[in-house]
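Secondary and tertiary structure notes
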Amino acid sequence: MEHVASVLFALFWKLGGPGLLILGILDSSFLVAPLGNDLLVVAMTSYNRDWAHVLYYSFMSSAGSVLGVMLIDLAVRRLGEAGIERHLPRKRLAYVKSKVQKNAVWALIVAAMAPPPFPFTPFIVAASALQYPRGKLLTVVGLARMVRFGGLGVLALLFGHSILQWFARPYVQWFCVGLVVVAVLASTISVLGWIRRSRGGTTDAPRQHPEPAVKH
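The rules behind the values
- Residues numbered from 1 in each chain as written.
- Predicted model: local features only at pLDDT ≥ 70, side-chain atom pairs only at ≥ 80, totals over all residues.
- Heavy atoms only, no water.
- Buried < 20%, exposed > 50% of the residue type's maximum accessible area, 1.4 Å probe, protein only.
- Helix = DSSP H or I, 4+ residues; strand = E, 2+ residues; numbered from the N terminus.
- Patch = residues over 30% accessible without salt bridge, like charges linked within 9 Å, V, L, I, M, F, W, Y side chains within 5 Å.
- Areas by Shrake-Rupley, 256 points an atom, 1.4 Å probe, with all protein chains shown as cover.
- Salt bridge = Lys/Arg side-chain N within 4 Å of Asp/Glu carboxyl O.
- Core = buried A, V, L, I, M, F, W, Y, C linked by side-chain atoms within 4.5 Å.
- Contact = heavy atoms within 4.5 Å.
- Phe/Tyr/Trp six-rings, centres within 6.5 Å; stacked < 30°, edge-to-face > 60°.
- Lys NZ or Arg CZ within 6 Å of the ring centre and 35° of its normal.
- Axes fitted to C-alpha atoms, helices over the stretch in contact; angles between N-to-C directions.
- Parallel < 35°, antiparallel > 145°, perpendicular 65-115°, else oblique.
- Left-handed = near helix turned anticlockwise from the far one by under 90°.
- Nonpolar A, V, L, I, M, F, W, Y, C, P; charged D, E, K, R; others polar.

With that settled, consider helix 8 (residues 121–129). With eight of nine residues buried, helix 8 is to be regarded as a mostly interior element. Among the residues of helix 8, Pro 122, Phe 123, Ile 124, Val 125, Ala 126, Ala 127, Ser 128 and Ala 129 are the ones counted as buried. Within two residues after helix 8, Gln 131 carries a phi angle of roughly 65 degrees, on the positive side.

The grouping of Leu 11, Leu 15, Ile 22 and Leu 26 at the surface amounts to a nonpolar patch, some 290 Å² of accessible area in total. Assignment of secondary structure puts Leu 15 in helix 1 (residues 2–15). Residue class for Leu 15 comes out partly exposed when judged on its relative accessible area of 36%.

Right, let's get into the nonpolar core. Of all hydrophobic cores here, the largest spans 28 residues; its most connected members are Val 69, Val 100, Leu 108, Phe 120, Ile 124 and Leu 137. Looking at this core, the elements with two or more residues in it are helix 4 (51–76), helix 6 (90–102), helix 7 (104–113), helix 8 and helix 9 (134–158). Ranked by residues supplied to this core, first place goes to helix 8 with six residues. When near neighbours in sequence (up to four residues on either side) are disregarded, Phe 120 contacts Ser 28, Ser 65, Val 69, Ala 111, Ala 112, Val 141 and Arg 145. Counting nine residues, the second-largest nonpolar core is a separate cluster that includes Phe 12, Leu 20, Met 44 and Tyr 57.

Turning to the environment of Leu 71, a few remarks are in order. With respect to the helices and strands, Leu 71 occurs in helix 4. You can call Leu 71 partly exposed: its relative accessible area is 40%. Spatially, the C-alpha atom of Leu 71 lies 8.5 Å from that of Phe 30, the residues being 41 residues apart in sequence. Setting aside anything within four residues of it in sequence, one finds Leu 71 in contact with Ile 25, Ser 29 and Phe 30.

Evaluated as defined, the whole model comprises three aromatic pairs. On the basis of an interplanar angle of 40 degrees and a centroid distance of 5.6 Å, the ring pair of Tyr 56 and Tyr 57 is categorised as tilted. Relative accessible area serves as the criterion here: at 37%, Tyr 56 is assigned to the partly exposed category. Ring geometry for Phe 118 against Phe 123: centres 5.8 Å apart, planes inclined by 15 degrees, an arrangement best described as stacked. Linked through ring pairs, Tyr 95, Phe 118 and Phe 123 together constitute an aromatic cluster. In this arrangement the basic side chain of Arg 145 is found over the ring face of Phe 120, its NZ or CZ atom lying 4.2 Å from the centre.

Contact geometry for helix 3 (residues 36–47) and helix 4: axes closest at 10 Å, N-to-C directions at 165 degrees. Relative to helix 4, helix 3 is oriented roughly antiparallel. Remark: the crossing between helix 3 and helix 4 carries right-handed chirality. Residues Asn 37, Val 41, Met 44 and Thr 45 of helix 3 touch helix 4, and the partners they reach there are Val 54, Tyr 57 and Ser 61. A breakdown of the residues in the contact of helix 3 with helix 4 according to their chemical character gives four nonpolar, three polar and no charged.

The next subject is unusual backbone geometry. Although it is not a glycine, Gln 131 adopts a positive phi angle of roughly 65 degrees. Structurally, Gln 131 can be placed in the loop between helix 8 and helix 9.

Turning to the pattern of salt bridges, a few remarks are in order. Within this structure, the stated rule accounts for three salt bridges. Taking the shortest distance from any N to any O, the salt bridge between Asp 38 and Arg 148 comes out at 2.7 Å. Of this pair, Asp 38 sits in helix 3 while Arg 148 sits in helix 9, and the two are 110 residues apart along the sequence. Taken individually, Asp 38 and Arg 148 each receive the classification buried, so the pair is uniform in this respect. Here Asp 73 ties to Arg 134 by a salt bridge, and the two come within 2.4 Å at their closest N and O atoms.

What follows is the structure, encoded as structure tokens:
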């Protein structure tokens, strides 16, 4: 597993911008890649230290995140509030619903900019199920992610030499490998769980919910 993880990390590094795009799609949809894009943006910008790469890597990571969110939105929006009750724990669903209904823009900004373990996907799921406008959803996530990855890129530009020395340490490399292992296992569990819950359905008649008020 460690060898496979090393190969995967090296593959995304070698792909450069497209690798960040692909990883962003995977991480922001139904898969799990904690800190994957963050670490790659920092490492790759530290290696290619110029403003053009800061903008390029930030854009590709953000674009991948937007595409991943679009995949979630396409799958969840048609389900509505009743449909997603099978996919999110009741307490978490109630929490994210309250935040999205109170102020969707700020809830999405915080979710898109905050690092793990702060939840991101549940907020996207809730916003889509509550019929928050797709265009606004993608715009808010894209801008927030651009700020997040752009900020990391600037730090890498300023402290690139020290960061590369830090990445060269064996325990940091093993930490990155461990993240890939966790990502593969967590993604497998996430996808299988989503499929199982989607096929399971419920025996009760669908409940009717009033159209929720979402502040745009």
